[in-house]
Amino acid sequence: MFRFPSIILSRRLHRRNKLFSTTSQPLELPLSHPIYIIWGSNTGVGKTLVSAGIAAASLLSSPAKFHYLKPVQTGFPSDSDSRFVFNKLRQLFLRRKLHTPFAASHRILNASSAARDSGNRDNEMDLSSYFAGEEGLAFSELICKTLFAWEEAVSPHLAAERESLVVKDSVLLEMLQQCFRDVLESGVDKERSEVVCVVETAGGVASPGPSGSLQCDLYRPFRIPAILVGDGRLGGVSGTISAYESLVIRGYDVVAIVLEDHGLLNEGPLMSYMRNKVPVLVLPPVPKDPSNDLLEWFEDSHYLFSNLKEILLSAYFERIKKLHDMPRKASDIIWWPFTQHKLVPDGGITVIDSRCGENFAVFKAQKTEVIEPLFDACASWWTQGPDAIMQTELAREMAYAAARFGHVMFPENVHEPALNCSELLLEGVGKGWASRAYFSDNGSTAIEIALKMAFRKFSVDHGLILDCHEDTTNERSTELMVLALQRSYHGDTLGAMEAQAPSSYTGFLQQPWYTGRGLFLDPPSVFMHNNTWNISIPEGFQSENLKHETFASRDEVFHKGRDKSELATVYSSYISKVLSGCRGSNNVGALIMEPVIQGAGGMHMVDPLFQRVLVNECRSRKIPVIFDEVFTGFWRLGVETAVELIHCEPDIACFGKLMTGGIIPLAATLATNAVFDSFIGDSKLKALLHGHSYSAHAMGCMAAVKSIQWFKDPSSNANVSSEGRLLRELWDDKMVRQISLHPAVQRVVALGTLCALELKAEGNNAGYGTLYARPLLQKLREDGVYMRPLGNVIYLMCGPCTSPEICNQLLVKLYKRLEEFNGSKN
């Protein structure tokens, strides 16, 4: 049974609010029985009448259980929706003189002191119960609960503040979750349709809850299927449609709309608008006489509520079937990227029902069916950054752009989202060096555009092309190549693959055309091991007098004072030697590199000193420099752009992923004015002949504008400094160092939103193709952490808005499972 006391004093509640500043337990939604949430298009539209009607349809025909939950009640005790449902069902049972026994209970779990003092010891402030019928027989049971009640009949956030009973969202949600567990326990021996639960909200869809959060946002983590009680009064069509759209844009499923008949035929426009997507049911007019007990009205409405109940059950069973069928159907018809289908184990397909901020909501059907959260610790292939509030903001911005523009072609045109996005890019990640923004649809194509830009700039600077007025595509006097790094990854399109070193991604099985048109340097890497930051320097760099360099902190690695070190001289000498002595090095038309962190190549941190020296050496040879910041850009590494970490600027840089908050594909290639000028001429043939149908599409640009502004604004992102330049440390340094000391760990890198580690492995257990980490990751998924490996390299990745407290919880779970993993290998 529910273990919270009936009355909790405001002082005790404040202490609990501090305790539950973040939810301590995952917010699961059991699916063993139907659970629905009842919304109103406004206050006073009849939500409680609908709740009571569904309860009557469920309980008065055959033995069943019905849970009525009212999370927030104001105007108490003179007004109590749960008491109304309790009393009305009791009266309906007596009126019908049913032979089936009937039990009912009513509880107020928490009330403000004002609400408590307004009542008396004999009212329903404590448990009220009722039973009629012969004991021992199967009976129908009504369980009514109000979670929080205030005396003043005003908006909950005002009542909570005035009556000193402020309730945090996390507290309310956890109490609601406990009620759902009661639903689950009460239905252990019942058929699915014999137990029904409804949650009735307060006021309208966007009315504030006790903390001030809009209720449509407050309850979103559960994403409970919705019944919308519309407004049949004058002006009600507009309010009902607005309420419906507010729910849909947040990802709720509305299964039915119910409204009272006021003689205005509001159902007509609503049905036309819904186009049969959602059934619209019309209730008989409600008597206005206060002395009317409404029992006749409920009898007249019984058929309609029975119909509504069948709609709810049908939608519930359809949902359950879909969730069960999805893995089988997916395995039969979907071809997943980066997946060996033969190695996907039984039960290895994750069914994602929705996303709320940083968490997937996944379907699990083991001991019991449930929708439960799973922290997206790979940031959905490094794209994700929004919290739940930002996710809603992005959905609204994109909906506006879609409604305003749809899609419009871009050459020689301009629209506001593209212009605003360009300005933000040049004032942000391109500040101080870039003058132009070129839009494309994804990271790989942004790279190919960058290569075209760089090769043109190199060709102009080195006199390889002249002004042209004719197509000269057959005149290939010089084959250009790139200078790039081992372990590099720049995307999966053919041109981008040519610009990266040989790897699992470019082998003959994947790309038979691959030749690797580049000079690929093996870069020094930096990592933490045994509580110390170390540099691993490849053999080609070794000098007899070179000392093994270590660092006490990560900040020392990035310090620009290292430019005067002996190692800087060694790096410069090595790079100069390679560029001067390698055959064909005179045709190196571009340097391309991922600044600081090489992502898909194994989450290696390249020594920033090496990359800075490399850029300087290329500059001295007029080799254009490309930064691939598709992964590293927009706060992924704790700064808006990696330029701030390696203290040097590119000629061209590519961005994507977090640029839109990961909600929709869009990429941008930024360039200097000098690069842009290399494409200027009298012939169109000299222009950059590259483009995409969806270049600078309005929805993507709108999402990018919102994301860029959101991430760097301290008022929306608590992690960013007041100057908007740095993220605070998200990964607890003590825990990171402890993990680096673990015997199962080879190396650790923690920077910005990334914490990566390489498991010690040899032979077939090492490398991209290994399944060595699978048992560890499976255990972490059981802990509510979703991760995908890069062979024996695993990583945690959060968003720029993720709290350090959550990051620390992830590290604690990881360390615990590392202990078990290491024990199983020994």
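Refer to the structure printed above.
Quick caveat: nothing in here was measured; it's all calculated off a predicted structure.

Asker: Requested: an account of the packing of helix α8 (residues 236–248) against helix α9 (residues 267–274), with residues and values cited.
Answerer: Contact pair α8 / α9: the axes reach a minimum separation of 10 Å and the direction vectors enclose 30°. As the angle between them shows, α8 and α9 are arranged roughly parallel. In this structure, α8 meets α9 at a crossing whose hand is right-handed. Contacts between α8 and α9 involve Val237, Thr240, Ile241, Tyr244 and Glu245 on the former and, on the latter, Pro269, Leu270, Tyr273 and Met274. Per-class residue counts for the contact of α8 with α9 are 7 nonpolar, 1 polar and 1 charged.

Asker: Quick rundown of the side chain of threonine 669? Include the residues and the values.
Answerer: Secondary-structure assignment places threonine 669 in strand β25 (residues 667–671). With residues up to four places along the chain from it excluded, the contact list for threonine 669 reads Arg436, Ala437, Tyr438, Ala446, Ile449, Ala450, Met453, Ile652, Ala653 and Cys654.

Asker: Any details on the pairing of strand β17 (residues 525–529)? Residues and values, ideally.
Answerer: For β17, the tally of buried residues reaches 5 of 5 residues, placing the bulk of the element in the interior. Side-chain alternation along β17 places Ser525, Phe527 and His529 on one buried face and Val526 and Met528 on a second face that is also buried. Where β17 folds back on strand β18 (residues 532–536), the antiparallel hairpin that results is connected by 2 residues, among which asparagine 530 adopts a positive phi of roughly 50°.

Asker: Break down the sheet that holds strand β2 (residues 35–40) for me, with residues and values.
Answerer: Sheets are built from strands paired through backbone hydrogen bonds, the pairs being either parallel or antiparallel. With respect to topology, 9 strands assemble into an open sheet ordered β5-β4-β6-β3-β7-β2-β8-β9-β10, the strand pairing being mixed. Two strands lie at the open edges of the sheet, namely β5 (128–132) and β10 (280–283), each paired on one side alone. Direction aside, the axes of adjacent strands within the sheet are offset by 15° on average. Taken together, the 4 bridges between β2 and strand β8 (residues 226–229) define a ladder with parallel strand orientation. Residue pairing in the sheet places tryptophan 39 in a bridge with leucine 228 of β8. On top of the sheet, helix α2 (residues 47–59) reaches β2, β3 (65–73), β4 (102–108), β6 (140–149), β7 (195–200), β8, β9 (254–260) and β10; it is set at about 165° to β3, its chief contact.

Asker: An account of helix α11 (residues 302–333) is requested, with residue identities and associated values reported.
Answerer: Over its 32 residues, α11 extends 45 Å from the first C-alpha to the last, a length consistent with the 46 Å expected when each residue adds 1.5 Å. Its maximal kink placed at methionine 326, α11 deviates by approximately 40°, while the proline proline 327 follows within four residues. All buried positions along α11 are accounted for by Leu304, Phe305, Leu308, Lys309, Leu312, Leu313, Tyr316, Arg319, Ile320, Leu323, Asp325 and Ala330.

Asker: Before we move on, can you summarise the side chain of arginine 554 with the specific residues and values?
Answerer: Following the sequence through the fold, arginine 554 ends up in helix α17 (residues 554–558). Overall, arginine 554 belongs to the buried group, its relative accessible area being 15%. Reaching out from arginine 554, the side chain makes a polar contact with the side chain of glutamate 729 at a distance of 2.4 Å.

Asker: Can you tell me about the pairing of β10, naming the residues and giving the values?
Answerer: In terms of strand pairing, β9 meets β10 through 4 bridges, oriented parallel. Across the sheet, the residue bridging to glutamate 260 is leucine 283, located in β10. The parallel pair β9 and β10 is bridged by α9, and the resulting crossover is right-handed.

Asker: Could you give me a rundown of the packing of aromatic side chains, with the residues and numbers involved?
Answerer: In total, this model carries 25 aromatic pairs according to the counting rule given. Aromatic side chains tryptophan 297 and phenylalanine 298 sit 5.1 Å apart centroid to centroid with 80° between the ring planes, which places their arrangement in the edge-to-face category. Take tryptophan 297 and phenylalanine 298: they sit in the same class, and that class is buried. When the centroid spacing of 5.1 Å and the interplanar angle of 65° are considered together, the rings of tyrosine 316 and phenylalanine 317 count as edge-to-face.

Asker: Before we move on, can you summarise the sheet that holds strand β20 (residues 588–593) with the specific residues and values?
Answerer: The sheet built from 7 strands is open, its strands ordered β14-β25-β24-β23-β20-β15-β16 with mixed pairing. Whereas interior strands pair on both sides, the edge strands pair on one side only; in this sheet they are β14 (436–440) and β16 (518–521). Averaged over all adjacent pairs, the angle separating strand axes in this sheet is 20°, with direction ignored. As defined by bridge partners, strand β15 (residues 481–485) adjoins β16 across 4 bridges and the pair is classed as parallel. In the sheet register, leucine 483 faces β16, and the bridge partner there is leucine 519.

Asker: Explain the packing of helix α13 (residues 388–405) against helix α22 (residues 698–711) to me, using residue names and the numbers behind them.
Answerer: Look at α13 against α22: their axes get within 8 Å of each other, and the N-to-C directions meet at 150°. Classified by the angle their axes make, α13 and α22 are roughly antiparallel. Judged by the sense of rotation from one axis to the other, the crossing of α13 with α22 is right-handed. Of the residues in α22, those touching α13 at Ile389, Met390, Glu393, Leu394, Glu397, Met398, Tyr400, Ala401, Ala402 and Phe405 are Ala698, Met699, Met702, Ala703, Lys706, Ser707, Trp710 and Phe711. When its residues are assigned to classes, the contact of α13 with α22 shows 14 nonpolar, 1 polar and 3 charged.

Asker: Let's hear about empty space enclosed by the protein: which residues, and what values?
Answerer: Empty space among the atoms can be located by rolling a probe the size of a water molecule over them. This structure, assessed with the given rule, holds 3 cavities of 30 Å³ or more. Its volume calculated, the largest cavity comes out at about 70 Å³. For the largest cavity, the full set of lining residues is Leu29, Pro30, Leu31, His33, Pro34, Ile35, Tyr36, Pro225, Tyr316 and Arg319. Tallied by class, the residues present in the lining of the largest cavity amount to 8 nonpolar, 1 polar and 1 charged. Of the voids in this model, the second largest cavity is the one considered here, and its volume is about 60 Å³. Looking at the second largest cavity, the residues that line it are Arg355, Gly357, Glu358, Phe375, Asp376, Ala379, Gln384, Gly385, Pro386, Met797, Cys798 and Gly799. Partitioned by chemical class, the residues of the lining of the second largest cavity number 5 nonpolar, 4 polar and 3 charged.

Asker: Provide a residue-level description of the pattern of salt bridges, including the pertinent values.
Answerer: Tallied over the full model, the rule gives 39 salt bridges. Note that lysine 65 is salt-bridged to glutamate 141, the shortest N-O span being 3.5 Å. With lysine 65 in strand β3 and glutamate 141 in strand β6, the pair connects residues that are 76 residues apart, well separated along the chain. Residue classification places lysine 65 among the buried positions, given a relative accessible area of 16%. Note that lysine 70 and aspartate 81 form a salt bridge whose closest N and O atoms lie 2.8 Å from each other. One end of the pair, lysine 70, is in strand β3; the other, aspartate 81, is in helix α3 (residues 81–96), and 11 residues separate them in sequence. Comparing lysine 70 with aspartate 81, the two get one shared label, buried. Each member of the salt-bridge network shares a partner with another, and the members are Arg95, Arg96, Glu296 and Glu299.

Asker: Just give me the short version of a nonpolar patch on the surface, but keep the residues and values in it.
Answerer: Taken together, the side chains of Phe338, Trp381 and Tyr768 define a hydrophobic patch exposed on the protein surface, amounting to about 290 Å² of accessible area. When you line up the elements, phenylalanine 338 lands in the loop between α11 and β11 (351–356). A relative accessible area of 39% places phenylalanine 338 in the partly exposed class.

Asker: Give a description of α13 that names residues and reports values.
Answerer: In a regular helix each residue adds 1.5 Å, so 18 residues correspond to 26 Å; α13 covers 26 Å between its end C-alpha atoms and thus fits that length. For α13, every residue scored as buried is listed here: Met390, Thr392, Leu394, Ala395, Met398 and Ala401. Considering only its buried residues, α13 is in contact with α7 (215–218) and α22.

About the thresholds
- Residues numbered from 1 in each chain as written.
- Predicted model: local features only at pLDDT ≥ 70, side-chain atom pairs only at ≥ 80, totals over all residues.
- Heavy atoms only, no water.
- Axes fitted to C-alpha atoms, helices over the stretch in contact; angles between N-to-C directions.
- Helix = DSSP H or I, 4+ residues; strand = E, 2+ residues; numbered from the N terminus.
- Parallel < 35°, antiparallel > 145°, perpendicular 65-115°, else oblique.
- Left-handed = near helix turned anticlockwise from the far one by under 90°.
- Contact = heavy atoms within 4.5 Å.
- Nonpolar A, V, L, I, M, F, W, Y, C, P; charged D, E, K, R; others polar.
- Buried < 20%, exposed > 50% of the residue type's maximum accessible area, 1.4 Å probe, protein only.
- Pairing = 2+ DSSP bridges.
- Expected span 1.5 Å × (residues − 1).
- Bend = angle between axes of the 7 residues up to and from the residue.
- Polar contact = N/O pair within 3.5 Å; in protein donor to acceptor, adjacent residues only side chain to side chain.
- Right-handed = clockwise from strand over helix to strand, strands pointing away.
- Phe/Tyr/Trp six-rings, centres within 6.5 Å; stacked < 30°, edge-to-face > 60°.
- 1 Å grid on protein atoms, 1.4 Å probe; cavity = no way out; pocket = protein on both sides within 12 Å on 5 of 7 lines; lining within 4 Å.
- Points joined across faces, edges and corners; volume = space filled by probe spheres on them.
- Salt bridge = Lys/Arg side-chain N within 4 Å of Asp/Glu carboxyl O.
- Patch = residues over 30% accessible without salt bridge, like charges linked within 9 Å, V, L, I, M, F, W, Y side chains within 5 Å.
- Areas by Shrake-Rupley, 256 points an atom, 1.4 Å probe, with all protein chains shown as cover.

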